[in-house]
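Each chain, written out:
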Protein chains: 2
Amino acid sequence: MTPVAQMKMDRRKTFNEFISRKRLKSTKQRDVIFEEFFGNYMGRHVTVEELYEDIKRKYPYIGFATVYRTLKLFRESGIASERNFGDGKARYEPIRDEREHHHHMICTECGKIYEFANNQVESCLNQIAKLNEFKLENHKLEIYGLCSSCRESR
Amino acid sequence: MTPVAQMKMDRRKTFNEFISRKRLKSTKQRDVIFEEFFGNYMGRHVTVEELYEDIKRKYPYIGFATVYRTLKLFRESGIASERNFGDGKARYEPIRDEREHHHHMICTECGKIYEFANNQVESCLNQIAKLNEFKLENHKLEIYGLCSSCRESR
DNA sequence: TTATTATTGATAACTAATATCAATTTCATA
DNA sequence: TATGAAATTGATATTAGTTATCAATAATAA
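Going along each chain's sequence as written, the residues are numbered from 1 onward. For naming, the first written chain is A and the first written ligand is 1, with later ones following in the order written. Totals for whole chains, interfaces and linings use every residue, but because this is a predicted model, local features are given only for residues with pLDDT of at least 70 and side-chain atom pairs only at 80 or more, for both listing and counting.

1. Regarding the overall build of chain A
Part 1 of the reasoning: In terms of helices and strands, chain A carries six helices and six strands.
Part 2 of the reasoning: In this text, helices come from DSSP runs of H or I with a minimum length of four residues, and strands from runs of E with a minimum of two, each type numbered from the N-terminal end. For chain A, the α and β elements follow one another from N to C terminus as α-α-β-α-α-β-β-β-β-α-β-α.
Part 3 of the reasoning: The dimensions of chain A, computed from C-alpha atoms along their principal axes, are 45 × 45 × 35 Å.
Part 4 of the reasoning: Around each residue's C-beta, the other C-beta atoms within 10 Å are counted; 20 or more make the residue buried, 12 or fewer make it exposed, and counts in between make it partly exposed. All C-beta atoms are placed from the backbone. Among the 154 residues that make up chain A, the fraction classed as buried is 22%.
Part 5 of the reasoning: Each residue gets a C-beta atom placed from its backbone, and two residues are in contact if those atoms lie within 7 Å. Counting contacts in chain A only where the partners sit at least 6 residues apart, residues at least 24 apart contribute 46% of the total.

This is the structure we're talking about:
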C-alpha cells in the first residue's frame with residue numbers, strides 16, 4: 001500500500017472513531033465528501049465553494065450546507081485543518097502528519113501557496129509559550145511576499 | 001516630549017505625507033479618527049465596531065463607513081496594521097515601531113491578546129524566505145492556547 | 001471665487017457562514 | 001427485521017461583517 005493510501009486509511013479510522021464517540025451517524029454524503037477531499041485535495045487548500053462545485057458534478061444530490069458541515073466535522077475530528085489567508089474565505093487542508101506542523105508562504109502576486117516546516121521555529125515557539133506560562137494549543141505562521149517567478153517578472 | 005507623543009507625531013507626519021502623495025484630502029473626520037485611534041488604542045486591537053461606538057459618543061456626526069474607510073487608509077499608509085484572530089472581525093492596531101515586528105498569543109478561553117517579539121524567530125523567517133527565493137513582504141505569527149490564569153482555573 | 005475632485009453619511013448590496021425546519025435516513029433496541 | 005428515537009439532509013432564510021452606491025457637501029488647486 002502506498003503511503004498516501006495508508007494515510008487516507010488512518011484518517012478514515014480517526015474519523016469513524018470520532019463519529020462513534022460523539023454518537024453521530026455515518027452517511028453516504030459524508031463518505032463521498034471524505035473520498036473527494038482526501039482523494040483530490042492532498043497538499044492543497046480548498047475553499048468550501050470549490051469543493052462543493054467539484055462534488056456537485058458527480059453527486060448533484062449533495063447540498064452546499066452539508067459540505068460546510070462536513071468540513072467542520074473533519075476539523076473537529078482532527079483530520080483537517082482550517083486556514084484563512086486573508087481573502088475572507090476559509091480554506092481546508094487534509095492533515096498529512098499530525099506530528100509535523102507546517103506553515104505557509106503566500107505569494108501576494110499570484111496567490112500561490114507554498115508550504116514549509118522548520119524545527120527551529122517550532123522549538124522557539126514552545127520556549128516562548130513556556131516562558132509566558134501559556135499552554136500552547138495551536139499556532140499559525142504565514143509569510144506573505146513575492147514568489148521567485150513573480151519576483152522575476154517585475 | 002514623551003516617547004508616545006513623539007511616536008504619535010511621527011505617525012501623523014507619515015499619514016499627512018501619504019495623503020498628499022496620493023492627492024487625497026485631509027478632513028475633520030480623518031483628524032478625529034486619527035486622534036482617537038492613536039490616543040486611546042495604543043497597544044490594543046480594536047474592531048471597527050468598537051472604535052465607531054467610541055467615537056460616536058463624542059462626535060455623533062461621524063458615520064460608520066467613514067471609520068471603516070479611514071482605518072483602511074491607516075493600513076495603506078503603513079501607520080496601522082490589520083489583524084484577524086479568527087472571530088470574523090478585523091482588528092486594527094497602531095504601529096508603534098515599524099522596525100520591530102511583534103506577534104500575538106491569543107487565549108482561547110478568555111480571548112485576551114498578549115504580544116511578544118523574538119529575534120530568533122525573525123531571523124529564522126528571513127532565512128526561510130531567502131532559501132526559497134521568496135521576497136518577504138510581511139508575516140503573521142499567532143499562538144493560540146490557555147493563558148496562565150485560565151490555565152489555573154481549569 | 002470658481003471649478004474640479006475627493007469625501008461624507010445613509011443605506012443598499014454583497015458575501016461567507018450559520019440557523020431553521022420539514023422530510024428523510026441511520027441505527028440501537030426490541 | 002421491524003420500530004422509534006435521534007441525527008442528518010437540502011433548500012432556503014438569516015445573520016454579520018464589509019463594501020458599493022450616490023447625492024450632498026467639503027476641500028483644494030487654479
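2. Re the protein's contact with DNA strand D
Part 1 of the reasoning: The environment of DNA strand D is made up of 23 residues, and the closest members are L24, Q29, G63 and T66 of chain A together with A90 of chain B.
Part 2 of the reasoning: When contributions to the surface near DNA strand D are tallied by element, the ones reaching two or more residues are α2 (28-40) and α4 (64-77) of chain A together with α4 (64-77) of chain B.
Part 3 of the reasoning: The residue inventory of the surface near DNA strand D, partitioned by class, reads nine nonpolar, seven polar and seven charged. Being near a molecule or strand means, for a residue, that its backbone-placed C-beta atom lies within 6 Å of it. Residue polarity follows a fixed list, in which Ala, Val, Leu, Ile, Met, Phe, Trp, Tyr, Cys and Pro are nonpolar, Asp, Glu, Lys and Arg are charged, and the others, Gly among them, are polar.

3. Re the packing of α2 of chain A against helix α3 (residues 48-58) of chain A
All names here are of chain A.
Part 1 of the reasoning: Helix axes use the C-alpha atoms of the stretch in contact, all axes being lines fitted to C-alpha atoms, and the angles between their N-to-C directions lie in the range 0 to 180 degrees. Where α2 meets α3, the closest approach of the two axes is 11 Å, and the angle between their N-to-C directions is 115 degrees. Between α2 and α3, the angle is such that the two are roughly perpendicular. For the crossing formed where α2 meets α3, the hand is right-handed. Between α2 and α3, the contacting residues are V32, I33, E36 and F37 on the first element and L51, D54 and I55 on the second.
Part 2 of the reasoning: For the contact of α2 with α3, the per-class residue count stands at five nonpolar, no polar and two charged. Roughly parallel refers to an angle under 35 degrees, roughly antiparallel to one over 145, roughly perpendicular to one between 65 and 115, and oblique to any angle outside these ranges. Crossing handedness follows the turn of the near helix against the far one: under a right angle anticlockwise gives a left-handed crossing, and clockwise gives a right-handed one.

4. What about the protein's contact with DNA strand C?
Part 1 of the reasoning: Near DNA strand C, the surroundings consist of 23 residues, among which A90 of chain A together with L24, Q29, G63 and T66 of chain B are the closest.
Part 2 of the reasoning: Taken together, the elements giving at least two residues each to the surface near DNA strand C come down to α4 of chain A together with α2 (28-40) and α4 of chain B.
Part 3 of the reasoning: The dominant element in the surface near DNA strand C, judged by the number of residues it contributes, is α4 of chain B, at four residues.
Part 4 of the reasoning: In the surface near DNA strand C, the residues fall into nine nonpolar, seven polar and seven charged.

5. Quick word on the relation of the copies chain A and chain B
Part 1 of the reasoning: In this comparison the copies share one frame, found by least squares on the C-alpha atoms of residues holding pLDDT of at least 70 in both. Under the fitted operation, chain A is carried onto chain B by 0.0 Å of movement along the axis and a turn of 179 degrees, and the coordinates agree to an RMSD of 0.1 Å. Expressed as an axis order, the relation between the two copies is that of a two-fold axis. Among all C-alpha atoms of chain A, that of L141 of chain A lies closest to the rotation axis, at 2.2 Å.
Part 2 of the reasoning: A share of 100% of interface residues in chain A that are also interface residues in chain B marks the association as one of identical surfaces.

6. Brief notes about the domain arrangement of chain A
Part 1 of the reasoning: Bear in mind that the domain bounds are from an automatic or database domain assignment. Assigned domains of chain A: these are domain 1 (3-94) and domain 2 (103-152).
Part 2 of the reasoning: Of note, the centres of domain 1 of chain A and domain 2 of chain A, computed from C-alpha atoms alone, are 24 Å apart.

7. Notes on the sheet that holds strand β3 (residues 90-94) of chain A
Residue and element names in this part refer to chain A.
Part 1 of the reasoning: Across the sheet, three strands lie side by side as β1-β3-β2; this open sheet has antiparallel pairing. The sheet is open, and its two borders are formed by β1 (46-47) and β2 (80-84), each paired with just one other strand.
Part 2 of the reasoning: Across five bridges, the pairing between β2 and β3 is antiparallel. Each bridged residue has a counterpart across the sheet, and for N84 the counterpart in β3 is A90. Two strands pair under a simple rule: DSSP has to find at least two bridges between them.

8. A look at the interface of chain A and chain B
Part 1 of the reasoning: Listed by partner, the interface residues are 30 residues for chain A and 30 residues for chain B.
Part 2 of the reasoning: The set of elements that each furnish at least two residues to the side of chain A that touches chain B consists of β5 (113-116), α5 (119-131), β6 (135-146) and α6 (148-152) of chain A.
Part 3 of the reasoning: Counting residues per element, the side of chain A that touches chain B draws most heavily on β6 of chain A, which supplies twelve residues.
Part 4 of the reasoning: Grouping the constituent residues of the side of chain A that touches chain B by class yields 15 nonpolar, nine polar and six charged.
Part 5 of the reasoning: Sheet analysis places β6 of chain A next to strand β6 (residues 135-146) of chain B, joined by eleven bridges and oriented antiparallel. Within β6 of chain B, the residue paired with H139 of chain A across the bridge is I143 of chain B.

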